[in-house]
Amino acid sequence: MFSEKKKSSGAREFSNEQNKIAAGTKITGDITAKGAFRIEGFLKGTLVTTGKVVISKNGNIEGTLECENADIEGSFKGKLKVSGILSLKSTATVDGEVMAGKLAVEPGANFNATCQMRGAMKSVKNEKQSA
């Protein structure tokens with residue numbers, strides 16, 4: 001009786017999953033996933049996901065991060081590619097190379113990176129072509 005109501009495609013099942021790297025955990029390597037991530041520990045390597053990534057206040061990533069949306073409260077150093085919204089909280093520190101669709105920076109955040117806004121560039125090109 002309940003199994004009939006809960007049918008869904010395989011891709012949708014993963015998108016609601018929450019992965020967590022707990023405080024005190026150190027991971028070196030590459031991670032590929034479809035769900036959201038919360039980083040409270042340390043990751044050195046590459047994280048690629050179609051979900052949202054949250055780096056907590058004490059969280060730290062060194063390497064490459066590719067995701068849909070990201071909220072950063074902790075530290076990131078490396079190459080960051082966010083297709084949607086990158087939100088930097090007041091406690092965030094970002095060093096490296098950033099590509100984002102949209103960027104929101106709270107006062108107090110340290111943003112020491114080169115930045116390309118993919119969403120803004122697309123809209124400018126479309127305006128020039130239609131003019």
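Residues numbered from 1 in each chain as written. Predicted model: local features only at pLDDT ≥ 70, side-chain atom pairs only at ≥ 80, totals over all residues. Heavy atoms only, no water.

1. Topic: the pattern of salt bridges
1) Next: For the coordinates displayed, the defined rule picks out three salt bridges.
2) Next: Residue Arg38 pairs with Glu40 through a salt bridge whose shortest N-O separation is 2.8 Å.
3) Next: Using a relative accessible area of 28% as the deciding quantity, one classes Arg38 as partly exposed.
4) Next: Each of the salt bridges in this network shares a partner with another, and the network as a whole consists of Lys20, Arg38 and Glu40. (Salt bridge = Lys/Arg side-chain N within 4 Å of Asp/Glu carboxyl O. Buried < 20%, exposed > 50% of the residue type's maximum accessible area, 1.4 Å probe, protein only.)

2. Quick look at the nonpolar core
Nonpolar side chains tend toward joint burial in soluble globular proteins.
1) Next: By size, the foremost hydrophobic cluster in this structure holds 23 residues, and its most contacted members are Ile72 and Leu86.
2) Next: Counting only elements with at least two residues in this core, the list comes to strand E3 (36–39), strand E4 (42–49), strand E5 (52–55), strand E6 (60–67), strand E7 (69–72), strand E8 (75–88) and strand E9 (93–105).
3) Next: Here the element with the most residues in this core is E8; it accounts for five residues.
4) Next: If we ignore the near neighbours within four places in the chain, the residues touching Ile72 are Ile55, Leu80, Leu86, Ser87, Leu88, Lys89, Ala92 and Val94. (Core = buried A, V, L, I, M, F, W, Y, C linked by side-chain atoms within 4.5 Å. Helix = DSSP H or I, 4+ residues; strand = E, 2+ residues; numbered from the N terminus. Contact = heavy atoms within 4.5 Å.)

3. Some remarks on the environment of Lys57
1) Next: With respect to the helices and strands, the residue Lys57 is situated in the loop between E5 and E6.
2) Next: With a relative accessible area of 54%, Lys57 lands in the exposed category.
3) Next: When the C-alpha positions of Lys57 and Gly41 are compared, they lie 9.8 Å apart, and in sequence the two are 16 residues distant.
4) Next: Non-local contacts of Lys57, meaning those with residues more than four positions away in its chain, are made with Glu73, Gly74 and Thr91.

4. What about the side chain of Glu40?
1) Next: Relative to the elements of secondary structure, Glu40 occurs in the loop between E3 and E4.
2) Next: Looking at Glu40, its side chain comes within polar contact range of the side chain of Arg38, at 2.8 Å.
3) Next: Once residues within four sequence positions are removed from consideration, Glu40 is found in contact with Lys20, Ile21, Ala22, Ala23, Ser56, Asn58 and Gly59. (Polar contact = N/O pair within 3.5 Å; in protein donor to acceptor, adjacent residues only side chain to side chain.)

5. Some thoughts on the environment of Lys89
1) Next: When you line up the elements, Lys89 lands in the loop between E8 and E9.
2) Next: Lys89 sits 32 residues away from Lys57 along the chain, and the two C-alpha atoms are 9.1 Å apart.
3) Next: Beyond its immediate chain neighbours, meaning those up to four positions away, Lys89 contacts Asp71, Ile72, Glu73, Glu106 and Ala109.
4) Next: Among the polar contacts made by the side chain of Lys89, one reaches the side chain of Ser87 at a distance of 3.4 Å.

6. Looking at the confidence of the model for the chain
The predicted coordinates of low-pLDDT regions are not to be read in fine detail.
1) Next: Of the residues in the chain, 78% have a pLDDT of 70 or more, and the chain-wide mean is 84.
2) Next: Across residues 3–14, where pLDDT falls below 50, the model places three contacts with residues more than four positions away in sequence or in other chains.
3) Next: Long-range and interchain partners of residues 120–127, a stretch whose pLDDT sits below 50, account for one contact in this model, where long-range means more than four residues apart. (pLDDT = per-residue confidence, 0-100.)

7. Observations concerning the environment of Ala23
1) Next: Secondary-structure assignment places Ala23 in the loop between strand E1 (18–21) and strand E2 (26–33).
2) Next: Since its relative accessible area comes to 56%, Ala23 is described here as exposed.
3) Next: Each C-alpha atom, one on Ala23 and one on Gly59, is 7.4 Å from the other, the two residues being 36 residues apart in sequence.
4) Next: Not counting the four nearest positions on each side in its chain, Ala23 is found in contact with Glu40 and Gly41.

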